[in-house]
Amino acid sequence: MRTLRPALLAATAATCALLLGLTACGGGSSATTGQAHGHAPASSPEPRTSPTASMPSKPSMPSTPSMNGMDGMDGMDAPASANGLSADRDGYRLVSPDARLPSGAPATYRFSVTAPDGRPLTAFALDQTQRMHFYAVRSDLTGFQHVHPGMAKDGTWTARLAALAPGAWRFFASFTPDAGPGKGTDVVLSRTVTVPGAASSPVPLPAPKTSATVDGYTVTVKGDIMAGMAHPLAVTVTRNGPPVTDLQPYLGTYAHLTAFHAGDLAFAHLHPTTAVNGDHGGPELAFHAELPTAGDWRLFLQFRTQNTLHTAALTLRAG
């Protein structure tokens, strides 16, 4: 037994060292109430918007911001820095004094973006003809507004919104810094806002469907989407059957497509790849799609014909 003890101690010490080494290797990984609504840039005349370009009015929802996963700031699968579900990213921060807005009447939301040095950012690059894209999205995805706010010299932005339905909302600011360490990088930040009002159950998300109709126009989406992978997405626009070929440019393209993940409202912007040639867009439009998280996404497609902006909404599932 005495001759075996040193060997046993040596084997034990070697095993401990191996376990410690393995542990160290693994430790470093890591507008109108309830309607879809679009707006033109604040610096240019707003196009005439069809009253039927909106989603049907929905019942009001609870005023607490915890519905449909909105009590958590981050998405379940994708980091908050990538899905827009945070007020902070890479030193940039979305700041606003407004945590509540009134219901039943047009509202104004004030905010600013601070840079990594803590000062308000005032240098923004153009992205699809605008320096700031601002989205207001209701927690059950029955409400959607896309506006282009104006900025004061001190970096304060003012977004003018159509009437908001009672409930929980998330407001997104999408921009590209034109100065500082994040110059040229697309950034999406968001904050939650409560609109007080009578409480009711959230409206279930419509089932996935490849087409939607608005104002007599039918939008059909083709393409199999796998989460986390880039895919081409084809959109076809028809009206009462015949193909549409008179789409007008909107934000420098023939259609603007934004997606929000059901439940947590993670953000994704689908980039158009169809070249613009005057007022002759359609019937087919191409997009570069990359949805970071599996599940159902609500797509909002905005396009313009005869100086009227239309917004079509449909649900798409990413595998």
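Residues numbered from 1 in each chain as written. Predicted model: local features only at pLDDT ≥ 70, side-chain atom pairs only at ≥ 80, totals over all residues. Heavy atoms only, no water.

Participant: Would you explain the confidence of the model for the chain in this entry?
Facilitator: The predicted coordinates should not be examined in detail at positions where pLDDT is low. Confidence along the chain averages 81 in pLDDT terms, with 74% of residues attaining 70 or more. Between residues 1-80, whose pLDDT stays under 50, and residues either more than four places distant or in other chains, the model counts 159 contacts. (pLDDT = per-residue confidence, 0-100. Contact = heavy atoms within 4.5 Å.)

Participant: Would you explain the packing of aromatic side chains in this entry?
Facilitator: Two aromatic rings are characterised by how far apart their centres lie and by the angle between their planes. Within the structure shown, the criterion is met by 19 aromatic pairs. When the ring of Tyr135 is compared with that of Phe260, the centres are 6.2 Å apart and the planes differ by 70°; the resulting orientation is edge-to-face. Within this pair, whereas Tyr135 is found in strand β6 (residues 133-138), its partner Phe260 is found in strand β15 (residues 256-261), the two being separated by 125 residues in sequence. Summarising the burial analysis for this pair, Tyr135 and Phe260 share the class buried. Linked through ring pairs, Tyr92, Tyr109, Phe111, Phe124, Phe134, Trp157, Phe171 and Phe175 together constitute an aromatic cluster. (Phe/Tyr/Trp six-rings, centres within 6.5 Å; stacked < 30°, edge-to-face > 60°. Helix = DSSP H or I, 4+ residues; strand = E, 2+ residues; numbered from the N terminus. Buried < 20%, exposed > 50% of the residue type's maximum accessible area, 1.4 Å probe, protein only.)

Participant: Even after reading the chapter, I still don't get the sheet that holds strand β8 (residues 150-151), so can you show me in this structure?
Facilitator: Picture the strands of a sheet paired through backbone hydrogen bonds; they go either parallel or antiparallel. Pairing within the open sheet is antiparallel, and its five strands lie in the order β3-β4-β5-β9-β8. Each of the sheet's edge strands pairs with one partner strand only, and the pair in question is β3 (88-89) and β8. Bridge count for β8 against strand β9 (residues 156-161) is two bridges, and the pairing is antiparallel. If you follow Met151 over to β9, its bridge partner there is Trp157. (Pairing = 2+ DSSP bridges.)

Participant: Help me out: how do you make sense of unusual backbone geometry in this one?
Facilitator: Note: most residues except glycine have negative phi, and most peptide bonds are trans. Here Gly282 and Pro283 are connected by a cis peptide whose omega angle stands at 0°. Following the sequence through the fold, Pro283 ends up in the loop between β16 (267-272) and β17 (284-289).

Participant: Would you take a moment to explain the pattern of salt bridges for this structure?
Facilitator: Where charged atoms of side chains with opposite charge meet at close range, the side chains can pair. Per the counting criterion, the structure on display carries four salt bridges. For Asp90, the salt bridge is made with Arg89, and the minimal N-O distance between the two is 3.4 Å. By relative accessible area, Arg89 is classed as partly exposed at 21%. Its salt-bridge partner being Arg110, residue Asp98 comes within 2.9 Å of it at the nearest N-O pair. A residue pair is termed long-range when its members are at least 10 positions apart, and Asp98 in the loop between β4 (92-95) and β5 (107-114) and Arg110 in strand β5 qualify at 12 residues. Under the relative-accessibility criterion, Asp98 is labelled buried at 11%. A relative accessible area of 41% means that Arg110 is categorised as partly exposed. (Salt bridge = Lys/Arg side-chain N within 4 Å of Asp/Glu carboxyl O.)

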